[in-house]
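Chain by chain, the residues:
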Amino acid sequence: MLGRCVTTIQQLVGMKIKPCFNLHRKLTSMHRAVGAVRWRSSCRSAPLLTAAPVRALIDEQISIKGNFLPPSSPVTVCARMHSEDGDLWEAFAHYNTNADGTVNLTRDHSIGGSYLGCEPMGLFWGLQPAPGAREGLRLRKKYVDTPYVVHISVLDGHVSPSEAQSAELAAVTAERWYMAPGVTRIEIRQNTLVGTLFLPPGPGPFPAMLDLWGMGGGLVEYRSALFASRGYASFSLAYIEHKELPGPLNCLNVDDSYFKSAFHLLRDHPQVCADRVGMIGLSYGVYLTLRNATQPGIKPSCLICINGPVGSTIKLSDADGRTENIESNNKYWKYDDQGLVTFKEISAPANLDPESKVKIENITCPLMYIEGEDDQNASSTDNANLIEETLRAADKSHLFTRLSYPGAGHLIEPPYSPNSRISLWRVKPEKVFTLWGGHLAPHAAAQEDSWKKMLDFMENNLRR
C-alpha cells in the first residue's frame, strides 16, 4: 500500500501538479493504516531460556537465563536428566521474574524448591531421584566418553516438575562432561593391573595422579577423566570387587606389590613427569594412599586424602596388605532405627587393625586431608586429628593441609555432583543401605571449594 502511495506522489511531481486536499487526506489515511500494520507486527517475543556454555566440563559453572517471560510473575526453573541406568533425576527452584520479564540464576534468589537463595549451579548439585524412583540410588558416571544430558526448562507458576499440567514456557539442553576433547583414555590390563589411564591433550610430559577409590570397589574413572581434562595424567586403579581381579570379590586379594606396580607404570610412562606423581584416595583409598606413600620404592610428590582412615577397617590376612572378608569386622557395624548401616565406629583409630596402622611420621611429602564434618560413614575427624598430631610431633606440620567442612558428608566428589546421603550398599544376601551423611547445600559448597583447593595444591606440588 505504501509503495502505491509513493508512486502516486512521484507521478504528481513529474506532472508538476500539487496534490489536492482530498489526495492529502487519502495519503494520511494510508499512512495511518501502515502504522497500524507496524504496531500489530511488533508482538512480544517468545519466552527464551539459555544456558552458556551448553557443553561444559562437570566442574564448570554455566549461566542460565530466561528472557521474554511474563514480568513480575512466578516461574519454576527445573532440570531433569536420566542416569545411565535409566533412572530419572530432577531438581527445581521457584523464582519471581523481574519487571523486565527476566530471570538469571547467577543473580536471582530461589524462594523454594530444591534449594534456596542465589545458587547458580543449584539445579545440578540439587538433582535427586524423581518421586517413585528405586530406593537408594547414587549418581555415578560409568562411561566418561559420553556426557550427562540435562533438560532445563522454565515452567509457569511455582510448581514441581511432576505437575505435568504446568505449561513449559521455554527449554534448553545442556551437556555435562568429565572428559574434555583431546583427552586419551587407555585401558590397562598388564602385569595383573586393572585400571584406566587418562592422558591430557598434547605430547606431555605431564604431572600425574594415581587415583584410588573406596571399598565399594570396581573401576571408577570419572575423577581421573576430569584430572586429565585439567592437565594431569591420571591412573584410576581397581583393587577390589572387580571381575578381572583375583577372587573372591569380598576380599582385598592384591598386595603391596600391586600398588607399587601401578605407581611405577604411571611414573615410567613416556608422557609423565617421573618426579611429579601424586596420589589421591577416598575412604578406604585413604588408608591405601598413606600405606603406599610409606613403602620402599614409592616416592609420591603429594598426597590427597578424603574422609578415610589411617589403617585398615578390615583385618589383614597377611603383612602385605591383603584382607579377610570385608564383613569380618561387622561387630563394629552400626544400624540406626531406620536400618541404615554406618561404618563410622569401625574406622575410629582405636578400632583399626593394629598391624595395619600407617606410620604417619614417615610421610615425606605434602599431604592434604579433606574432612566432611557430617561424615556418617567414617571417623574422619578423629583420623584427621591423629594425622595432624603425629606430623606435629615429628616436626612435619609444614607438610599438612587440612580442609574441614561443616555439613559435608563422606562422598566429597568433583563439584556440582549431587550428594546421596543414603544409598544402597549391597543387594545379596540381603539389601543393605548405608548412611553417608552430608546436607545438600553445605555438601555442594564443600565440593566446590575443596576441588579448587585440590587443584591449587596439585599445581603447587606437581608443576612448580
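This one's a predicted model, so the numbers in the text were calculated from it and none came from an experiment.

Colleague: It is not clear to me how the sheet that holds strand 14 (residues 233-237) should be interpreted in this structure. Could you clarify?
Modeller: Within a sheet, neighbouring strands are paired by backbone hydrogen bonds and run either parallel or antiparallel to one another. Reading across from one edge, 11-12-14-13-15-16-19-20 is the order of the eight strands in this open sheet, with mixed pairing throughout. Two strands close off the open sheet at either side, each with one partner strand: strand 11 (184-190) and strand 20 (400-405). Adjacent strand axes in the sheet meet at a mean angle of 20 degrees when their direction is disregarded. Note: strand 11 against strand 12 (residues 193-199), seven bridges, orientation antiparallel. Note on strand 12: the bridge partner recorded for Gln190 is Leu193. Strand contacts of helix 8 (residues 440-463): strand 13 (206-212), strand 15 (272-282), strand 16 (303-306), strand 19 (367-372) and strand 20, with the helix running at about 170 degrees to strand 20, the strand carrying the most contacts.

Colleague: Looking at this structure, I do not really get the packing of helix 5 (residues 256-267) against helix 6 (residues 284-293). What am I missing?
Modeller: At a closest axis distance of 11 Å, the pairing of helix 5 and helix 6 adopts a crossing angle of 80 degrees. Between helix 5 and helix 6, the angle falls in the class roughly perpendicular. On helix 6, the residues touching Asp256, Phe259 and Lys260 of helix 5 are Leu288, Arg291 and Asn292.

Colleague: How should the packing of aromatic side chains be read in this particular structure?
Modeller: For the structure shown, the criterion picks out 10 aromatic pairs. Seen in terms of ring centroids, Tyr178 and Tyr222 are 5.2 Å apart; in terms of plane orientation they differ by 50 degrees. Their pairing is tilted. With Tyr178 in the loop between strand 10 (168-177) and strand 11 and Tyr222 in helix 4 (residues 222-229), the pair connects residues that are 44 residues apart, well separated along the chain. Since its relative accessible area comes to 2%, Tyr222 is described here as buried. For the ring pair Phe227 and Trp451, a centre distance of 5.4 Å and an interplane angle of 10 degrees mean the geometry is stacked. Of this pair, Phe227 sits in helix 4 while Trp451 sits in helix 8; the two residues are 224 residues apart in sequence, bridging distant segments of the chain. For the residue pair Phe227 and Trp451, the accessibility class agrees, reading buried in each case. Counting every residue linked through ring pairs, the aromatic cluster contains Trp333, Phe343, Trp425 and Trp436. Here the guanidinium or amino end of Arg223 rests over the ring plane of Trp213, the centre of that ring lying 4.1 Å away.

The rules behind these values
Residues numbered from 1 in each chain as written. Predicted model: local features only at pLDDT ≥ 70, side-chain atom pairs only at ≥ 80, totals over all residues. Heavy atoms only, no water. Pairing = 2+ DSSP bridges. Helix = DSSP H or I, 4+ residues; strand = E, 2+ residues; numbered from the N terminus. Axes fitted to C-alpha atoms, helices over the stretch in contact; angles between N-to-C directions. Contact = heavy atoms within 4.5 Å. Parallel < 35°, antiparallel > 145°, perpendicular 65-115°, else oblique. Phe/Tyr/Trp six-rings, centres within 6.5 Å; stacked < 30°, edge-to-face > 60°. Buried < 20%, exposed > 50% of the residue type's maximum accessible area, 1.4 Å probe, protein only. Lys NZ or Arg CZ within 6 Å of the ring centre and 35° of its normal.

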